[in-house]
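Chain and residue survey
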Amino acid sequence: LASFVSLNPSELSGVARYDLLVGSIQPRPIAFVSTLSPAGIANLAPFSYFMPGGSNPMSLCFSVSGTSGPRKKDTLTNIEATGEFCVNLLVREMANGMNATSFPFDPITSEWPASGFHAAQSILVAPPRVLESPVQLECRLHQVVSHGEGSGSANYVVGEIVMAHVREDLWASETLNGDAFRPISRLGGENYLDTAIPELFHLPRPS
Ligand SMILES: Cc1cc2nc3c(=O)[nH]c(=O)nc-3n(C[C@H](O)[C@H](O)[C@H](O)COP(=O)(O)O)c2cc1C
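In short, a report on the structure.

Thresholds, definitions, all that
Residues numbered from 1 in each chain as written. Predicted model: local features only at pLDDT ≥ 70, side-chain atom pairs only at ≥ 80, totals over all residues. Heavy atoms only, no water. Pairing = 2+ DSSP bridges. Helix = DSSP H or I, 4+ residues; strand = E, 2+ residues; numbered from the N terminus. Axes fitted to C-alpha atoms, helices over the stretch in contact; angles between N-to-C directions. Contact = heavy atoms within 4.5 Å. Near = heavy atom within 4 Å. Polar contact = N/O pair within 3.5 Å; in protein donor to acceptor, adjacent residues only side chain to side chain. Nonpolar A, V, L, I, M, F, W, Y, C, P; charged D, E, K, R; others polar. Buried < 20%, exposed > 50% of the residue type's maximum accessible area, 1.4 Å probe, protein only. Phe/Tyr/Trp six-rings, centres within 6.5 Å; stacked < 30°, edge-to-face > 60°.

The next point concerns the sheet that holds strand E14 (residues 192-194). Hydrogen bonds between backbone groups are what pair the strands of a sheet, and the pairing can be parallel or antiparallel. On the basis of which strands lie adjacent, the open sheet formed by 3 strands has the order E1-E13-E14 and antiparallel pairing. The open sheet has two edge strands with one neighbour each: strand E1 (28-29) and E14. Relative to strand E13 (residues 184-186), E1 is paired through 2 bridges, and the arrangement is antiparallel. Its bridge partner lying in E13, Arg28 is registered against Arg186.

Moving on, we come to the sheet that holds strand E9 (residues 135-147). Taken in spatial order, the 7 strands make up an open sheet running E3-E2-E6-E9-E10-E5-E4, and their pairing is antiparallel. The open sheet has two free edges, formed respectively by strand E3 (42-47) and strand E4 (50-55), since each of these has just one partner strand. Mean inter-strand twist for the sheet, computed between neighbouring axes without regard to direction, equals 30 degrees. Both strand E5 (residues 58-65) and strand E10 (residues 154-166) contribute to a ladder of 7 bridges, which runs antiparallel. Bridged to Val64 within E10 is Asn155. Together, strand E2 (31-36), E3, E5, strand E6 (84-88), E9 and E10 form the strand contacts of helix H2 (residues 74-82), whose direction differs from that of E2 by roughly 55 degrees.

Our next topic: the site of the ligand. Close to the ligand lie 18 residues; Asn43, Pro46, Ser65, Lys73 and Thr75 are nearest. Take Ser65: an N or O atom from its main chain is 2.7 Å from an oxygen atom of the ligand. One of the backbone nitrogen or oxygen atoms of Ser102 is found 3.1 Å away from an oxygen atom of the ligand. For the shell around the ligand, the secondary structure elements donating two or more residues are E3, E5 and H2. No other element matches the 4 residues that E3 contributes to the shell around the ligand. Split by residue class, the shell around the ligand holds 7 nonpolar, 7 polar and 4 charged.

Look at the link from Gln26 to Pro27: it is a cis peptide, with omega at 0 degrees. As for its position among the elements, Pro27 is in the loop between helix H1 (14-24) and E1. Its identity as a non-glycine residue notwithstanding, Ser173 has a phi of 50 degrees, on the positive side. Along the polypeptide, Ser173 turns up in the loop between strand E11 (171-172) and strand E12 (175-176).

Okay, the environment of Ser133 next. Checked against the element boundaries, Ser133 lands in the loop between strand E8 (129-130) and E9. Since its relative accessible area comes to 3%, Ser133 is described here as buried. Residues Ser133 and Val166, spaced 33 residues apart in sequence, show a C-alpha to C-alpha distance of 8.8 Å. Once residues lying within four places of it in the same chain are set aside, the contact partners of Ser133 are Asn88, Leu89 and Met94. A polar contact is formed between the side chain of Ser133 and the backbone oxygen of Val135, at a distance of 2.9 Å.

In terms of residue burial, E3 counts as a mostly covered element, since 5 of its 6 residues are buried. Of the pairings in the sheet, the one linking E2 to E3 comprises 6 bridges and is antiparallel in character. Each bridged residue has a counterpart across the sheet, and for Ala31 the counterpart in E3 is Phe47. In textbook terms, the turn of a hairpin is the stretch between consecutive antiparallel strands, and for E2 and E3 this stretch comprises 5 residues, one of which, Gly40, has a positive phi near 95 degrees.

With that settled, the discussion passes to the packing of aromatic side chains. In the structure shown here, the tally under the stated rule is 4 aromatic pairs. With a centroid separation of 5.8 Å and 80 degrees between ring planes, the pair formed by Phe32 and Phe117 is classed as edge-to-face. Here Phe117 lies in the loop between helix H4 (112-115) and strand E7 (119-120) and Phe32 lies in strand E2, a separation of 85 residues in the sequence. In this structure Phe32 comes out as buried when scored by relative accessible area, which is 0%. Judged by relative accessible area, Phe117 falls into the buried class, the value being 12%. Relative to Phe62, the ring of Phe47 has its centre 5.2 Å away and its plane inclined at 40 degrees; by these criteria the two rings are tilted. With Phe47 in strand E3 and Phe62 in strand E5, this pair connects stretches of sequence that are 15 residues apart. The class of Phe62 is buried, set by a relative accessible area of 0%.

Here it is as structure tokens:
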């Protein structure tokens, strides 16, 4: 029989808690989030604490970690100020551009030039979407749920999807082609999974 190490989070270092979380809950999809500051500075950043929520209305959630310093991450500041964002899904060709945007640029510097991506105007929200992304979701803020304070705390951004853009070749008969759309995911540490490469297996739900 396997034996286990039982870990009380209150007795672990911050680094150990982070490693345990990202190393165990994986692979995680990545929300590539586009926002605008009230002054109009366009921000882009990836978030892998990310999940779909409901389909009526369509909703999703991602978490922006609190920082040790007084300054929040720009994505959270912008969403709280404007109530709008776009979530763009990522494929392998976008990995380097995505990673470039995770550098802690100051709030007055847009990550768009560093990413090399092109902006497409959204229909219902002001933040632009990422043209290179095969699936782009325009969202309005429903609620921010904060848990904890300071470094490593969670700010769950719950958003309602008000408009979805799917690359034409991926959409047929009211269905997103899951065989063709293969986004990348985040694993533990600095590892990623390209879901286009591993074996794809089908598992019908029990009836
Ligand atoms: C693949 C990837 C996933 C990330 N996921 C998260 C996350 O879920 N939550 C978070 O707070 N930061 C996450 N980060 C770090 C942010 O992207 C980073 O702090 C970024 O600079 C925030 O930008 P902003 O200040 O413009 O919002 C991730 C970084 C990468 C590369």
